[in-house]
Amino acid sequence: MSIFTDDIISFKSVLRLAYNFLAGREYLKKKKFKDRKKLISVALPFSDLIYSAGAVPVFPIRMEKFKVNAYLNALNSAKSLIGWDLTTRLLSFVRQFDVLKILDTVMDDVIHTINEKYNELYELGIDNGIPSDFCYGITGLTGMFISKGKNVDANLNFTIRCSAWNKYSESLKNYVPRQIWVDVPPREYGNAIELLTDNISKAITDLEDVTGNLVTDNSLKKQFRIGNQIKRFYKTVLFECSASDFYPCNPATFAEILALLGLSFQDYNSNAQRYLENFSYLVKEMRERIDKGIGMDVSDMPRVMITPVFGGWEPETHEILYNLGARTIYADWELLKMLEEIPVGRNSNPVEDYARFVMNATMRGIGCDQETLTDSYIETAKDLNVDGLVFNQVFGCHSISNCYSQLRRKIRKKLEIPTTVINFNKIGENVEQVRTRLGAFMEMFR
Ligand code: SF4
């Protein structure tokens, strides 16, 4: 597809992030059996408490065995021998002979590999009796637990305002006996923060029990600091790099990087410090390439935000949009308020501050009501200054997906940018309809 060899060769940080995502299984085995760490599963970006307890969070798909692209594997063997920098030089060298032409497809391959696995696990969920009217995300997640739930020591759940999600969370006890819950109050009533603070404290006690480690204010703040820095870098990619008229790589590759960041942000690839380093390097590399004029002039390509994608989406979409002359932005975690920082001041109360963060995310972002959610769409589209918005209507979602007509009305009144809706049930199932819809959508820019 669309990636240039130059893009991949100099994007060491992306290679590392991709490799760490795909090679999770080996890393997690090492953590569990050699380092005797507890593995705790988590879905949605709520891994901070697990890190603070000295355990290893895992977004369950990462326990799967992936077909790791041969070149990423080669890179990894080379890495252990000569380090990443030399590996990159080695690749540049090999490229002169045009031997590794297939590198052009590495990122595309990574995204397709992950999505193939998603589909496989979705099927596993269906085969095990998940009602077919559940959304793709929940069905796929259930499949992940059916497949590898036995490997984790506990699972951390946050209730959100989606009844299907909470039903799914409840069902996880069938696969992971030890369930740790953070009940999030459904509304922001008087003592909601107090209640949530208590519930988080209880979850912390459970985590201490599972890990045998003590969670202190310091360990929480240390983790929040790392998380805050990651969020800052994430915002830099979204607000600075993605807004540039010159991209550090092909825009379809850029969308794939955003997709990878969205997926890996849920557990920071099981190593927050390493993830932070890779993220910081990614921003540095992007800025350097933009400054040096390495990449692609995208000034005449409208920027289109596709959302929501965290519950499943058709990854061909950004490729189709690219071929139609647009660039794609995936920014779910920003939109769902997951990129807000958590205060870490000397006298702050980290448990209470975390409660405020979670409350804000669930009241104004994930699982909130349609009025608030559509406002959040409008606000994010404005902040990111996008030129168009594609709404991804997920089959079986009775919470988010119903809000498109309200959203369209608001966009017409407040933003006046082109918008359309595409439908999603399963990866690869609806590509032609998506292509037709996006074709008509892009006409609005001409
Ligand atoms: S909000 Fe919709 S997409 Fe998200 S978990 Fe609930 S049903 Fe699935």
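Quantities reported herein were computed from a predicted structural model and do not represent experimental measurements.

## With respect to the side chain of Glu-334
Then, number 1: You can see Glu-334 is positioned in helix α14 (residues 332-335).
Then, number 2: Ignoring any residue separated from it by four or fewer positions in sequence, one finds Glu-334 in contact with Lys-235, Leu-238, Phe-239, Leu-339 and Thr-380.

## Some points on the packing of helix α11 (residues 251-264) against helix α13 (residues 316-323)
Then, number 1: Packing of α11 against α13 leaves a shortest axis separation of 9 Å and a crossing angle of 160 degrees. On the basis of their axis angle, the class for α11 and α13 is roughly antiparallel. Here α11 and α13 pass one another in a crossing that is right-handed. Residue-level inspection shows Pro-251, Ala-252, Ala-255 and Glu-256 of α11 in contact with α13, the latter providing His-318, Glu-319 and Tyr-322.
Then, number 2: Considering only residue class, the contact of α11 with α13 consists of 4 nonpolar, 1 polar and 2 charged.

## Considerations on the environment of Arg-364
Then, number 1: Checked against the element boundaries, Arg-364 lands in helix α15 (residues 350-364).
Then, number 2: Measuring from C-alpha to C-alpha, the distance between Arg-364 and Lys-337 comes to 6.9 Å, with 27 residues separating the pair along the chain.
Then, number 3: Discounting chain neighbours no more than four positions away, the residues touching Arg-364 are Glu-188, Leu-335, Lys-337, Thr-372 and Ser-376.

## As for the pairing of strand β7 (residues 303-307)
Then, number 1: For β7, the buried fraction is high: 5 of the 5 residues fall into the buried class.
Then, number 2: Judged by which residues are buried, β7 turns out to be covered on both faces: Arg-303, Met-305 and Thr-307 on one side and Val-304 and Ile-306 on the other are all buried.
Then, number 3: Bridging between β7 and strand β8 (residues 327-329) involves 3 bridges; their strand directions are parallel. When the bridges of β8 are listed, Met-305 appears paired with Ile-329.
Then, number 4: In the classification by handedness, the crossover that spans β7, the intervening α13 and the parallel β8 is right-handed.
Then, number 5: Examined bridge by bridge, β7 and strand β9 (residues 388-394) share 4 bridges and lie parallel to one another. Opposite Ile-306, over in β9, you have Val-390 as the bridge partner.

## Some details on the sheet that holds strand β3 (residues 154-158)
Then, number 1: Pairing is parallel in the open sheet, where 4 strands are placed in the order β2-β1-β3-β4. The sheet terminates laterally at β2 (56-58) and β4 (179-182), the two strands that pair on one side only. Along the sheet, successive strands turn relative to each other by an average axial angle of 30 degrees, direction set aside.
Then, number 2: One ladder, built from 4 bridges, connects β3 with β4; its direction is parallel. In the sheet register, Phe-158 faces β4, and the bridge partner there is Val-182.

Calculation criteria
- Residue positions are counted from 1 within each chain, in the order its sequence is given.
- Restriction of local features to residues with pLDDT of at least 70 applies here, the model being predicted, together with a cutoff of 80 or more for giving and counting side-chain atom pairs; totals for whole chains, interfaces and linings are based on all residues.
- Water and hydrogen atoms were dropped before computing side-chain values, which therefore reflect all heavy atoms in the structure.
- By definition, any uninterrupted DSSP run of H or I lasting at least four residues is a helix, any uninterrupted run of E lasting at least two residues is a strand, and each is numbered from the N terminus.
- Any two residues having at least one pair of non-hydrogen atoms within 4.5 Å are treated as being in contact.
- Axis definition: a line fit to C-alpha positions, over the contact stretch in the case of helices; interaxial angles, taken between N-to-C directions, run 0 to 180 degrees.
- For classification purposes, angles smaller than 35 degrees are called roughly parallel, those larger than 145 roughly antiparallel, those between 65 and 115 roughly perpendicular, and all remaining angles oblique.
- By convention the crossing between two helices is left-handed if the near helix lies anticlockwise of the far one by an angle smaller than a right angle, and right-handed if it lies clockwise.
- Put simply, Ala, Val, Leu, Ile, Met, Phe, Trp, Tyr, Cys and Pro go in the nonpolar bin, Asp, Glu, Lys and Arg in the charged bin, and everything else, Gly too, in the polar bin.
- Burial here depends on accessible area, computed with a 1.4 Å probe over protein chains only, as a share of the maximum for the residue type. Under 20% is buried, over 50% is exposed, and the range in between is partly exposed.
- By definition, two strands form a pair when at least two bridges between them are found by DSSP.
- Look down the strands so they point away from you; if going from the first strand over the helix to the second traces a clockwise path, that crossover is right-handed.

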